[in-house]
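A structural walkthrough
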Amino acid sequence: MSSTAIKKRGIAIAVARKDLTIEWNSRILVNQVAPFAAIVMVLFAFALDNDGILQRVAPGLVWLATLFSMLVVIQRSFTVESADGALDALRVAGVDMGAIFVGKAIALMVQLFVLELLLVATAVVLYGVEMTMAGFCEAIVTLVVATVGLGSVGTLYGGLAAGARGRETLLPLLLLPVVAPVLIGATRATEAAFGSGGTTVSEGWPWIGLLLVFAVLFCAVGTVAFGPLVDE
Amino acid sequence: MARQSGTGTSATRRLGILVILMLAGLALCGLWFSAEDVVQGSTVRIMYIHVPSIWTAYIAFGLTAVCSAVYLSGKNRSLAWDRFAGAAGEIGVLFVAVSLVTGSMWGRLTWGTYWVWDARLTSTAFLFITYVGYLAVRQLGGTHRQRARRSSVLALLAILEIPLVHFSVTLWRSLHQEASVANPNAKVALDGLMLFSLFLGLVAFTLLFVWLVLHRQRAMMLEDAFSDRGLDLAITARRNEAGA
Amino acid sequence: MDTVIELSGVVAVLGQFPALAGVDLTVQRGEIVLLQGPNGAGKTSLLRVCAGLMPIERGTGHVLGIDLATNREAIRSRVGLLGHTNGLYLDLTVMQNLQFWASTVAATASEVSTAMATMRIDGRLAGVKASQLSAGQRRRCALASLIVRRAEIWLLDEPHAGLDAAGRDELDALLRSAVGSGATVVLASHERDRALGLATRTVTIDGGGAA
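Presented here is an overview of the structure given in this document. Think of each chain on its own: its residues are numbered from 1, step by step along the sequence as written. For naming, the first written chain is A and the first written ligand is 1, with later ones following in the order written. Thresholds applied to this predicted model are a pLDDT of at least 70 for local features of residues and 80 or more for the giving and counting of side-chain atom pairs; totals over whole chains, interfaces and linings are not thresholded and use all residues. Processing note: side-chain calculations cover all non-hydrogen atoms of the structure and skip hydrogens and water entirely.

1. Focus on the nonpolar core
A general tendency of soluble globular proteins is for nonpolar side chains to be buried together. Rules: Residues grouped as a nonpolar core are buried Ala, Val, Leu, Ile, Met, Phe, Trp, Tyr and Cys residues, joined through side-chain atoms within 4.5 Å. Residue exposure (1.4 Å probe, protein chains only): buried if accessible area is under 20% of the type maximum, exposed if over 50%, otherwise partly exposed.
Y127(A), L156(A), Y157(A) and L175(A) are the most contacted members of the largest nonpolar core, which totals 126 residues. In terms of nonpolar packing, the next biggest core, distinct from the first, is built from 40 residues, I32(C), A102(C), V112(C) and L198(C) among them.

2. A look at the interface of chain B and chain A
Accessible area lost upon the coming together of the parts is a frequently used measure of interface size. The condition that has to hold: Between two residues, a contact is recorded if the distance between any of their heavy atoms is within 4.5 Å. We define buried area as the total accessible area lost by two parts upon association, computed with a 1.4 Å probe and summed across both. When a carboxyl oxygen of Asp or Glu is within 4 Å of a side-chain nitrogen of Lys or Arg, the pair counts as a salt bridge. Any pair of N or O atoms that falls within 3.5 Å is considered a polar contact. Within protein, one atom must be able to donate a hydrogen and the other to accept it, and sequence-neighbouring residues count only if both atoms are side-chain atoms. Helix numbers and strand numbers start at the N terminus; a helix is a DSSP run of H or I with at least 4 residues, a strand a run of E with at least 2. Throughout, the ten residues Ala, Val, Leu, Ile, Met, Phe, Trp, Tyr, Cys and Pro are labelled nonpolar, Asp, Glu, Lys and Arg are labelled charged, and all others, Gly among them, are labelled polar.
Contacts between the two partners involve 25 residues from chain B, matched on the other side by 26 residues from chain A. A combined buried area of about 2,400 Å² lies between chain B and chain A, and 79% of that area is made up of carbon and sulfur atoms. Connecting chain B to chain A are zero salt bridges. Connecting chain B to chain A are zero residue pairs in polar contact (both at pLDDT 80 or more). At the level of elements, α4 (119-138) and α5 (144-176) of chain B are the ones that each hand at least two residues to the side of chain B that touches chain A. Taken together, the residues that form the side of chain B that touches chain A break down as 16 nonpolar, six polar and three charged.

3. With respect to the packing of helix α5 (residues 97-126) of chain A against helix α9 (residues 205-230) of chain A
Residue and element names in this part refer to chain A. The condition is simple: Comment: axis = line fitted to C-alpha atoms, over the contacting stretch for helices; angle = value between 0 and 180 degrees taken between N-to-C directions. Roughly parallel means an angle under 35 degrees; roughly antiparallel, over 145; roughly perpendicular, 65 to 115; everything else is oblique. Here is the rule for handedness: rotate from the far helix to the near one, and if that takes an anticlockwise turn smaller than a right angle the crossing is left-handed, while a clockwise turn gives right-handed.
Their axes nearest at 7 Å, the elements α5 and α9 cross at an angle of 130°. Relative to α9, the element α5 lies oblique. Crossing hand, α5 versus α9: right-handed. Within the contact between the two elements, α5 uses M97, G98, I100, F101 and V102 and α9 uses F218, C219, G222, T223, F226 and G227. A per-class count over the contact of α5 with α9 returns seven nonpolar, four polar and no charged.

4. Section: the pairing of strand β1 (residues 3-14) of chain C
All names here are of chain C. Quick note on the threshold: We call two strands paired when DSSP finds no fewer than two bridges between them.
Sheet topology note: the β1/strand β2 (residues 17-28) ladder contains nine bridges and is antiparallel. Within the sheet, the bridge partner assigned to T3 lies in β2 and is Q28. Where β1 and strand β4 (residues 58-63) come together, five bridges link them in antiparallel fashion. Along β4, the bridge assignment pairs E6 with H62.

5. Structural notes on the packing of helix α2 (residues 47-73) of chain B against α4(B)
All names here are of chain B. Interhelical geometry of α2 versus α4 gives an angle of 40° and a closest axis separation of 13 Å. Considered as vectors, α2 and α4 are oriented oblique to each other. Relative to α4, α2 is oriented so that their crossing is left-handed. When α2 is examined against α4, the residues I54, Y58, F61 and T64 are found in contact with a partner set consisting of T124, L127, Y131 and Y134. A class-by-class count of the residues in the contact of α2 with α4 yields six nonpolar, two polar and no charged.

6. Some points on the environment of E158(C)
Residue and element names in this part refer to chain C. Note on placement: E158 falls in the loop between β7 (153-157) and α7 (165-180). As a C-alpha pair, E158 and V128 span 30 residues in sequence and 24 Å in three-dimensional space. In this structure E158 touches H84, R139, A188, S189 and H190, once residues within four positions along its chain are discounted.

7. Some points on helix α4 (residues 94-104) of chain C
Where α4(C) is concerned, the buried positions are V94(C), N97(C), L98(C), F100(C), W101(C), A102(C) and T104(C). Once α4(C) ends, the next one or two residues include A106(C), with phi positive near 55°.

8. Some details on the sheet that holds β1(C)
The four strands are arranged β2-β1-β4-β5 (chain C) in an open sheet whose pairing can be described as antiparallel. The open sheet has two edge strands with one neighbour each: β2 and β5 (66-67) of chain C.

If you want it as structure tokens, here you go:
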């Protein structure tokens, strides 16, 4: 029993490492997704050109940009699987679907985390956000917990949309309503961390609790539900 | 072969007649006999369809979840459960749409605006979109079993996700709005006939839902049987092709 | 003899199209069976059914004694399927692809290097991205990852496609040695003469039926 658990962990790590190696070799995140996210932040500034507004809504914009970029990253994560029938080959090899889920989710989380750091940095530079030390710590915790939730739920629904060949348009419809709690929770927590609109750091922690519930729930559910959703 | 017209049986026909009579009664009670509300005037009458339709939608989505769970847990995995789940999902989406439309009409008359970012409204909108997605997944194609497996897993995910969305939206509003917009029921002092009308509406809509689900489920069964028949013909054609 | 594949009246569906309209097939251990038939006859679907990848709608089937209708997932880890696609990650190098496959089936580094040497994709090619390989070289990679998997039944869909003459000889030698060590091979190929020389038996399928 424990040997299969070790085997699954090995597969999950192999899948995560494989996805990150693909990103390292192709640099899609660095060369395409990150510039896209940055330009979205600049466009927000054009659309909301008003003194003080940007600073106040910066947390929401960071997370909106994250969600939009995440859609692109998820599509990419499953395009590499279907381009040459690799997911089929994994399936024929009898590789455990739950382990594949964990591996792909971890790789997605790492990429999202890098992206979010970049977006927060952009907000600090472009929108004039100022953080205290406590606020900075809270921001990091928020990023980590929100990313775990987004990565797991994104992999779950990404797999479903990828199984439905040629229906990539389905992903936003399925995914965006589900991640509403993350958008709400992460935005409020980040507001507290940024001190936007006079909020204090301590107001953020309950929201991080909400993010934590979401993350734990979808990590557990995703491991079970991924196989039936993706398999034929 | 017995003559079969449509998807009805004598039982559903009787149920249908009962539903029509009750809806007519609801219209009379709601629009004519019951009194205007002291505060809201005639706008209170929207409540008689607004409340029953959201009630029905909750029943429908609950049924979708239960049928999906039974489908997944059952040994023989009967497709009938999947069809019931799908039928209930479709009708649930319809009733959420009705309650959103009637709700915003009521809001326009009472609050002067079609939409407010009230927690209940917002999470109902999410409920609507979630099940529109569920219906989209049902349409993805593949075999009946593929459809059943995908959509039942998704229905169970939706049931997990809805409380979380509702909870977070409620938390979101409570923080930013001191006086939350009260729900319609709280403001209304219901007299006997108004209460009766509301109750009649709940019963009538529930029975209407049962009637619709039975018919839709049978229609889906016929659709599945039709495509199975098409498959039989295609198999025969392929065999003949091979023999020729 | 030991029956490894036993299909009877199998119907398999792609969408609403009957890719297989009632196929019977029996394969004994140690055979090299060649599936013949025109394009669209259902050869690919038959191989995918045997791999436990495609569900069967009607009929009965057992692969390695496992029931296709109830437990087809259990078959997968014991067979190897080479389909039209190669199952490679195009942004990974040859070496990275094989290492990944090896880690999913717990194969050792020496098994990987043996497989790469057998398919002659070691040396300079090992560090080349799969997207920059020729079709034949990709096929070699896919075959190498199949070797790593130590399958009991090899299901090969057009394995000769894209390979050069030397590669085809190497493939044939590989399959013969696999059979020699207890494996079974089912292949579909349009390289008729070569495949006939390799196969111990030929099965014709047409219009999704027969056999």
